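Spelled out from the first residue to the last, the chains are:
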Amino acid sequence: MINTKLAWRSLKKNKLYAFINILGLTVGIASCLLIGIYIKHELSYDRFHVNADRIVRATMEYKHDVVRSAAVSGTKPGPQFKQTFPEVKDFVRTYKYPRVIGYNNQVFEEKNFLYADPSIFRVFSFNLIEGDAATALNAPDKMVITQNAAKKYFGNQEAIGKVLKIGKKNFTVSAVAETVPANSQIQFDFVVPFSLYIDMNGPEQWWTANNITYLLLNNKEDVAPLQKRIADYMKTVSQDELKMGAGHYLTFNLQPLTNVHLHSNVSGEVEPTGNITYIYIMLAVALLILTIACVNYVNLAIAQSSGRGAEIGIRKVLGAAKGELFTQFIGESVFTVGIAAVLAIGVAMLVLPLFNQISGKQLPVNVLFDPVILISLVVLSVVIGFAAGAYPALLLSNAKLSKILKSGFSFTSGQSVRKSLIVFQFVISIFLIISTIIILQQLSYIRNKDLGYNKSNLLVLPVDGKMLPQLGELKKAIGAVPNVQRIAAAYDEPINVGWSDGINTNDNKNVSVNAIPVDEDFVKTMELKLIAGSDYTHADVLQIDTTNQGKNHRYSFIINESAVKALGWTPEQAIGKQISKGAPGIIKGVVKDFNFKSFHDPITPLVLFLDNEMLYTLFVKIDGNNVPATINEIGKVWKSRVTHRPFEYRFLDDDYDALYRTEQRTAGVFTTFSILAIVLACLGLFAITAFAVVQRTKEIGIRKVLGANVATITLLISKDFLKLVVIATIIASPVAWYVANKWLQGFAFRISIQWWVFIITGIASLLVAALTVSTQAIKAALANPVDSLKNE
């Protein structure tokens, strides 16, 4: 039983140490709380579905010259696997694509627009507030919307039966779903039947992969045997149906739904995914901060022990047993941690908005009062109380009465333990600081590296099928706006090209490539560097022949250096050569390799092919002068010529930065907690120094009487502590190098870790520690020796 009166009296008696202990533990526990709710949220993805343990995603794997994997698949796997394998109970195909929705003479571009099989509401647990799941998508003109969408379009009116317009087609709202939870990989505000997607893209097929396929299995144990059966089945399909050559194949891998968010390693993800590595990093950072706080507690408890000799001696004389003393000291530790835990909840509530900003989440305050979180907090507090208090409690309770009465309470091992713990604290702090610097260096490298194209001052605008016939006129009108330098169109942005394809030569050499359909102005607008051949011209556009159902179609290609190397040519040799991508075409130019994917991926073969139909993105290059006015003028042109959709734009460099949002959040977390770590370590060092000064008051007084000056005494007190920081730097540096180097291996393009990072961090830590120690040391050196010797 904890004697709270004695525990409270002990805290009041040592206010400085109590303040530092409670502050450190509060910060440590608050850090664990915040990171805990973040991790809980990340681990909860898609687990709210009743069938979560029986749903798998079928991801595509194929090989031409190299093996590639993608989250997307063709439209055929779902229905074919249900028909072929008894283990498959149902399937759902989804395709997410922004659409412009009209209602009441207003239009809005909706990014959370989903095509899905009607089975989506049987397989997944997306609850319908109104409407029947069995009939919600059983007709091509039906649409399901979420609560948020209903509120946006209809206010407080009844949504069922209302009509929304997409293009020329009217859709009737047949059901209203609850707002999709944030921890769902499938996000939507509008759902229409997947059959509409089939109608737009032709019959079901294995290839032309744009949609996500989910399978609902009869039993969760069916995953492994079904995977083997699919692999065997697709070997036959690859050879007999798809006529793929020897060594080439198409297959599908089954990924449990609950693994998708944190364990996906395929390209083509529709929604942003997390990374289990960063979960481990966040957890490690929280535990390191908490460890520093606990080390402070242990250190200060040991330091204070000599002042409790009289108390322990009297209690032992009065008959207190070891167990009673141990229980009291452990009780004091748990009491202190309990106060810190209560304060930590308040601190977590206050800083949650900032934490949400750093982590990119929108976690509400009430998650802090989730029963699981509160129970975990209580357990954590008790564990910390025992872990931090055990050693001091054992030390104090085992002290011999005769020794206490004779010479007071002291022990020789205390100094070495305290020094070891100080080193440990600074090892953690220096490790976090070095890691933060290297992460920030890598992010700076990503931001500033020459990508091979110019992403600055590029507006990105959407293009749809209705705009295509007048796209040339729209480009001319926007191009006439002052400060607009160039304008081009392409299938997608060049920052993360997802289109996978294959090309072959006349001698049957096959090469897997990424591809982008572009117009004749793309190379100039992006400022790609031509190293051989020439750019597209309008004459090349006029030669595109799509008559006779495309049988007369001829491509015109510009390829990158990597594609040239894969084909076995030099750039000059490639010019004029014929290659085929479904249809034949001539290589007109070769561009220098540029980064068309994340820096995590190496540059691979890429083909730019001239097209005038699959151009869904417009790029407007402006000169950067008076940007708001330029955008305003472009908006006027847009509104006068594109009346069916709103003027919504973004900047290409913003989309590029979004590729590295996870790394940016990690840098934010490391920066924040590195500062906390060094502050907590210095607080502990400050308190330990203050205690050491008190213990050496007589010595300092005598030295001053004998002629020691302020600098000498300051150095005397400081040097032992500063040696510990140097030792910590020596220990932390190789550990930080190893961990940071492992992290950097995840980037195909990365910095080299520089030696000066470790030197600068060590010097900075030494200076901060010196400043911390010197405040107490100088105070002691300036004290009147007469007072200190008189008191002694």
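In what follows, the structure referred to is the one given above.
Residues numbered from 1 in each chain as written. Predicted model: local features only at pLDDT ≥ 70, side-chain atom pairs only at ≥ 80, totals over all residues. Heavy atoms only, no water.

> Could you give an account of the overall build of the protein chain, naming the residues involved and the relevant values?
For the protein chain, the helix and strand inventory stands at 26 helices and 24 strands. Considering the protein chain as a whole, with its 792 residues, one finds that 51% of them fall into the buried category. Sequence separation of at least 24 residues holds for 81% of the intrachain contacts in the protein chain that already meet a minimum separation of 6. Here the protein chain has roughly 35,700 Å² of accessible surface; of this, 58% comes from carbon and sulfur atoms. (Helix = DSSP H or I, 4+ residues; strand = E, 2+ residues; numbered from the N terminus. Buried < 20%, exposed > 50% of the residue type's maximum accessible area, 1.4 Å probe, protein only. Contact = heavy atoms within 4.5 Å. Areas by Shrake-Rupley, 256 points an atom, 1.4 Å probe, with all protein chains shown as cover.)

> With reference to specific residues and values, describe empty space enclosed by the protein.
Overall, the coordinates contain 3 cavities of 30 Å³ or more when judged by the stated rule. Here the second largest cavity is characterised by a volume of approximately 130 Å³. Lining the second largest cavity are 14 residues; nearest its centre among them are Gln-185, Ile-212, Tyr-214, Val-270 and Glu-271. For the lining of the second largest cavity, the secondary structure elements donating two or more residues are β3 (88–96) and β12 (212–217). In terms of residue count, the dominant contributor to the lining of the second largest cavity is β3 (3 residues). (1 Å grid on protein atoms, 1.4 Å probe; cavity = no way out; pocket = protein on both sides within 12 Å on 5 of 7 lines; lining within 4 Å. Points joined across faces, edges and corners; volume = space filled by probe spheres on them.)

> Before we move on, could you go through helix α5 (residues 147–154) and cite the residues and values that matter?
Considered for burial, the residues of α5 that qualify are Ala-149, Ala-150, Tyr-153 and Phe-154. Viewed along the axis of α5, the buried residues span an arc of 100 degrees, placing them on a single side of the element. Against the buried residues of α5 lie β4 (99–103), β5 (106–110), β8 (142–146), β9 (163–166), β10 (169–177) and β11 (190–193). (Arc of directions from axis to C-beta.)

> With reference to specific residues and values, describe helix α7 (residues 223–241).
Here α7 contains 19 residues, and its C-alpha end-to-end distance of 25 Å stays within 8% of the 27 Å for a straight helix at 1.5 Å per residue. Turning to α7, its buried residues are Leu-226, Ile-230, Met-234, Val-237 and Ser-238. In a view along the axis of α7, the buried residues occupy a sector of 105 degrees, so they form one face of it. Exposed and oriented more than 90 degrees from the buried face of α7 are Ala-224, Lys-228 and Lys-235. Buried residues along α7 sit in contact with α3 (77–84), β3, β12 and β13 (249–256). Looking at the residues trailing α7, positive phi occurs at Lys-243, about 55 degrees. (Expected span 1.5 Å × (residues − 1).)

> Could you give an account of the packing of aromatic side chains, naming the residues involved and the relevant values?
Under the defined criterion, the tally for this structure stands at 39 aromatic pairs. Here the aromatic rings of Trp-206 and Phe-252 are separated by 6.0 Å at their centres, their planes lie at 35 degrees, and the arrangement is tilted. Residue Trp-206 is found in the loop between α6 (195–201) and β12, and its partner Phe-252 is found in strand β13; the two are separated by 46 residues along the sequence. Owing to a relative accessible area of 0%, Phe-252 belongs among the buried residues under this scheme. Both rings, one in Phe-647 and one in Tyr-649, keep their centres 5.5 Å apart while their planes meet at 35 degrees; by these two values the pair is tilted. Exposure remark for Phe-647: the relative accessible area of 18% places this residue in the buried category. (Phe/Tyr/Trp six-rings, centres within 6.5 Å; stacked < 30°, edge-to-face > 60°.)

> Any chance you could break down the state of the cysteines for me, citing the residues and the numbers?
Across all of its chains, the model carries 0 disulfides by this definition. You can see Cys-32 has no disulfide; the closest cysteine sulfur is in Cys-294, sitting 8.7 Å from it. (Disulfide = S-S within 2.5 Å.)

> With reference to specific residues and values, describe the pairing of β10.
Note that strand β7 (residues 128–130) and β10 share 2 bridges and pair antiparallel. Within β10, the position partnered with Leu-128 by the bridge is Ala-177. Where β8 meets β10, 5 bridges bridge the pair, whose relative direction is parallel. In the strand pairing of β10, Lys-142 is matched with Thr-172. Bridging between β9 and β10 involves 4 bridges; their strand directions are antiparallel. Within β10, the position partnered with Leu-164 by the bridge is Phe-171. The turn joining β9 and β10, which pair antiparallel and follow one another in sequence, is formed by 2 residues; a positive phi near 65 degrees is taken by Gly-167. (Pairing = 2+ DSSP bridges.)

> Please provide a residue-by-residue account of the pattern of salt bridges, values included.
Under the counting rule described, the total for this entry stands at 27 salt bridges. In this structure, Lys-529 engages Asp-450 in a salt bridge whose closest nitrogen and oxygen atoms are separated by 3.9 Å. Residue Lys-529 is found in the loop between α16 (522–526) and β18 (530–533), and its partner Asp-450 is found in the loop between α14 (413–448) and β14 (458–462); the two are separated by 79 residues along the sequence. Its relative accessible area of 36% is what places Lys-529 among the partly exposed residues. Residue classification places Asp-450 among the exposed positions, given a relative accessible area of 51%. The partner of Asp-519 in a salt bridge is Lys-475, with the nearest N and O atoms 2.5 Å apart. One end of the pair, Asp-519, is in the loop between β17 (510–518) and α16; the other, Lys-475, is in helix α15 (residues 471–479), and 44 residues separate them in sequence. Overall, Asp-519 belongs to the buried group, its relative accessible area being 4%. Through salt bridges that share partners, Lys-475, Asp-519, Asp-521, Lys-524 and Asp-535 make up one connected network. (Salt bridge = Lys/Arg side-chain N within 4 Å of Asp/Glu carboxyl O.)

> Describe a nonpolar patch on the surface, with residues and values.
On the surface, a cluster of nonpolar side chains totalling about 670 Å² of accessible area is made up of Trp-755, Trp-756, Ile-759, Ile-760, Ile-763 and Leu-767. Of note, Trp-756 is situated in helix α25 (residues 755–782). (Patch = residues over 30% accessible without salt bridge, like charges linked within 9 Å, V, L, I, M, F, W, Y side chains within 5 Å.)

> Describe the side chain of Lys-597, naming the residues involved and giving the relevant values.
Here Lys-597 is to be found in the loop between β21 (584–591) and β22 (606–610). With sequence-adjacent residues up to four places away left out, Lys-597 is seen in contact with Ile-495, Asn-496, Val-497, Asn-514 and Tyr-660.

> Just give me the short version of the environment of Gly-385, but keep the residues and values in it.
Considering the arrangement of structural elements, one finds Gly-385 in helix α12 (residues 371–397). Classification of Gly-385 by relative accessible area gives buried; the value is 0%. Considering only alpha carbons, one finds Gly-385 and Ser-333, 52 residues apart in sequence, at a separation of 5.1 Å. Beyond its immediate sequence surroundings of up to four residues, Gly-385 is in contact with Ile-330, Ser-333, Val-334 and Val-337.

> Which residues make up the packing of α3 against α7, and what values do they have?
Each pair of packed helices can be described by the angle between their axes along with the distance between the axes. Orientation of α3 relative to α7, taken along the N-to-C sense of each, is 110 degrees, at an axis distance of 12 Å. On the basis of their axis angle, the class for α3 and α7 is roughly perpendicular. Crossing handedness for the pair α3 and α7: right-handed. Across the interface between the two elements, Gln-80, Phe-81 and Thr-84 of α3 pack against Ile-230, Tyr-233 and Met-234 of α7. For the contact of α3 with α7, the residue count by class is 4 nonpolar, 2 polar and no charged. (Axes fitted to C-alpha atoms, helices over the stretch in contact; angles between N-to-C directions. Parallel < 35°, antiparallel > 145°, perpendicular 65-115°, else oblique. Left-handed = near helix turned anticlockwise from the far one by under 90°. Nonpolar A, V, L, I, M, F, W, Y, C, P; charged D, E, K, R; others polar.)

By themselves, these are just geometric observations and shouldn't be taken as functional.
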